[in-house]
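Residue-level structural notes
Chain residues, written in single-letter form:
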Amino acid sequence: MIPLRYLNTVKSRQHSLCNIAGILKTACLLSFILLSFTLPVWADNLLPLNQKGKIMILEYHKIAYPEARWTRTPENFRKDLQRFYEKGYSLIRLEDFLKKRIKVEKGRTPLILTFDDSSPGQLRFIPDGKGSYRVDPDCAVGILESFNKVHTDFGLAATFFVLPAADPPNRLFNQPEYTKEKLRYLAGKGFEIGNHTYWHATLSKLNSEGVKRQLALAVKVIQEAVPGYSVVALSLPMGIYPQDKDLLLNGSYEGTVYRHLGVLMVAGGPAKPAFDPLRIPRIQATESELNYWIKYFDKHPEERFIGD
Ligand SMILES: [Zn+2]
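Note that the structure is predicted; figures quoted are calculated from it, not measured.

Helix and strand content of the chain: 7 helices and 14 strands. Residue burial in the chain is summarised as follows: out of 308 residues, 35% are buried. Sequence separation of at least 24 residues holds for 67% of the intrachain contacts in the chain that already meet a minimum separation of 6.

Structural data, given as structure tokens:
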């Protein structure tokens, strides 16, 4: 028979153990609640407000298979978006950058996406057989739209530097029956259409009239599809300048006027908000370049543009 006194001691020990466990549980719970309130503030403090910081303007070409120097697969493009999202980046429009009205949520860093050469994998329509279509979920626009549905705070923006008179498959995304519809779709969804010349011209080889012709005719085709559309940016084919650089910003040819707020290069690293409109650098969206710059800004958060 177990003495009563012993039983009482065990009971009271169990009781005090329960108490200790209870106190620990409450303490854990309290610190968890406290931490969840203080963490965002603490994270914000780690990333000081920096409105003069640099902004990455990424330069994609093909979204297709297999992965190569100028090709990112749909899977890798999705992975890029996820990675930038998790690292605190949000998409902004190139036009807002050029007009110096950069706005992102507090604590987040603006990111700009650009696509050169209007290749098929950037915007592909799949006909439904009843006269309508849907956007291919594996093309760049389809991937951006579905990512934005899940992560609305990432934003939805990208600029497509198109070629209206290049040889297929680079002529306006390569589905001639949808050429105008695609330009309207982009503009309607808030994506931007940029100038990449009429047919990817080497501008250094042209005289002034030839340069103006290449720039104005591209604008003309875009505006025929989207009346009144304002083309605000030019991506230089192969990064090659004409002799007279001033022709790149303003000019006209046979009644079509063009007015670019910025000229984008093919490389050069991240851009500064106080940019030279004739020389806006970009980062080529290859695995190694993206790795390099993501790590670079992880190590140098003070160089990042941070929204307030
Ligand atoms: Zn190009």
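Moving on from the model shown.
Counting buried positions along strand β5 (residues 109-116) yields 8 of 8 residues, so the element is predominantly enclosed. Neither face of β5 is left uncovered, since the one carrying T109, L111, L113 and F115 and the one carrying P110, I112, T114 and D116 both have all their residues buried. With 3 bridges connecting them, β5 and strand β8 (residues 159-162) associate as parallel partners. Directly across from D116, in β8, lies its bridge partner F161.

Below, the discussion takes up helix α2 (residues 74-86). Residues spaced three or four apart along an α-helix point in a common direction, a consequence of the helix completing one turn every 3.6 residues. In this model α2 runs 19 Å from its N-terminal to its C-terminal C-alpha over 13 residues, within 8% of the 18 Å that 1.5 Å per residue would give. Within the sequence span of α2, burial applies to F77, D80, L81 and F84. Each buried residue of α2 sits inside an arc of 95 degrees when the element is viewed along its axis, so together they form one side. For α2, the exposed residues lying more than 90 degrees away from the buried face are E75 and E86. If you follow the buried residues of α2, they end up packed against β2 (62-63), β3 (71-72), β4 (89-91), β5, α4 (140-150) and α7 (287-299). Where α2 ends, the next residue or the one after it, G88, has phi of about 95 degrees, a positive value.

Here D80 lies in helix α2. The class for D80 is buried, based on 21 C-beta atoms found within 10 Å. Between the C-alpha atom of D80 and that of A285, which follows or precedes it by 205 residues, the distance is 9.0 Å. Apart from the residues within four sequence positions on either side, D80 is in contact with A285 and L290.

Moving on: the pairing of strand β14 (residues 280-284). In terms of strand pairing, strand β1 (residues 56-60) meets β14 through 2 bridges, oriented parallel. Considered in β14, the bridge of E59 is made with Q284. Inspection of the sheet shows strand β13 (residues 262-268) paired to β14 by 2 bridges, in the parallel sense. Across the sheet, the residue bridging to L264 is I280, located in β14.

Packed helices, taken two at a time, are described by their axes: the angle between them and the distance between them. Close contact between α2 and α4 brings their axes to 10 Å; oriented N to C, the two are set at 35 degrees. When you trace α2 past α4, the crossing you get is right-handed. Residues P74, F77, R78 and L81 of α2 touch α4, and the partners they reach there are A140, I143 and F147.

As for its position among the elements, A201 is in the loop between β9 (192-195) and α6 (208-225). In sequence terms A201 and P237 are 36 residues apart; their C-alpha atoms lie 6.6 Å from each other. In this structure, A201 is in contact with L206, Q214 and P237, ignoring residues within four places of it in sequence.

Let us look at the confidence of the model for the chain. A residue-level look at the chain finds 84% of positions with pLDDT of 70 or above and a mean pLDDT of 89. Confidence drops under pLDDT 50 across residues 1-18; counting only partners more than four residues distant or on other chains, this segment forms 1 contact. Residue range residues 28-47 is modelled with pLDDT below 50. Its contacts to residues more than four positions away, or to other chains, number 5 contacts.

With omega at -15 degrees, the peptide bond leading from Y65 into P66 counts as cis. In this chain, P168 is followed by P169 through a cis amide linkage whose omega measures 10 degrees. You can see P169 is positioned in the loop between β8 and α5 (179-188). Positive phi, normally seen in glycine, also occurs at F173, with a value near 75 degrees. Tracing the backbone through its elements, the reader meets F173 in the loop between β8 and α5. On the neighbour-count criterion, F173 (27 C-beta atoms within 10 Å) is buried. For T197, which is not glycine, the phi dihedral falls at a positive 75 degrees. Here T197 lies in the loop between β9 and α6.

Analysis parameters
Residues numbered from 1 in each chain as written. Predicted model: local features only at pLDDT ≥ 70, side-chain atom pairs only at ≥ 80, totals over all residues. Helix = DSSP H or I, 4+ residues; strand = E, 2+ residues; numbered from the N terminus. Buried ≥ 20, exposed ≤ 12 C-beta atoms within 10 Å, placed from the backbone. Contact = placed C-beta atoms within 7 Å. Pairing = 2+ DSSP bridges. Expected span 1.5 Å × (residues − 1). Arc of directions from axis to C-beta. Axes fitted to C-alpha atoms, helices over the stretch in contact; angles between N-to-C directions. Left-handed = near helix turned anticlockwise from the far one by under 90°. pLDDT = per-residue confidence, 0-100.

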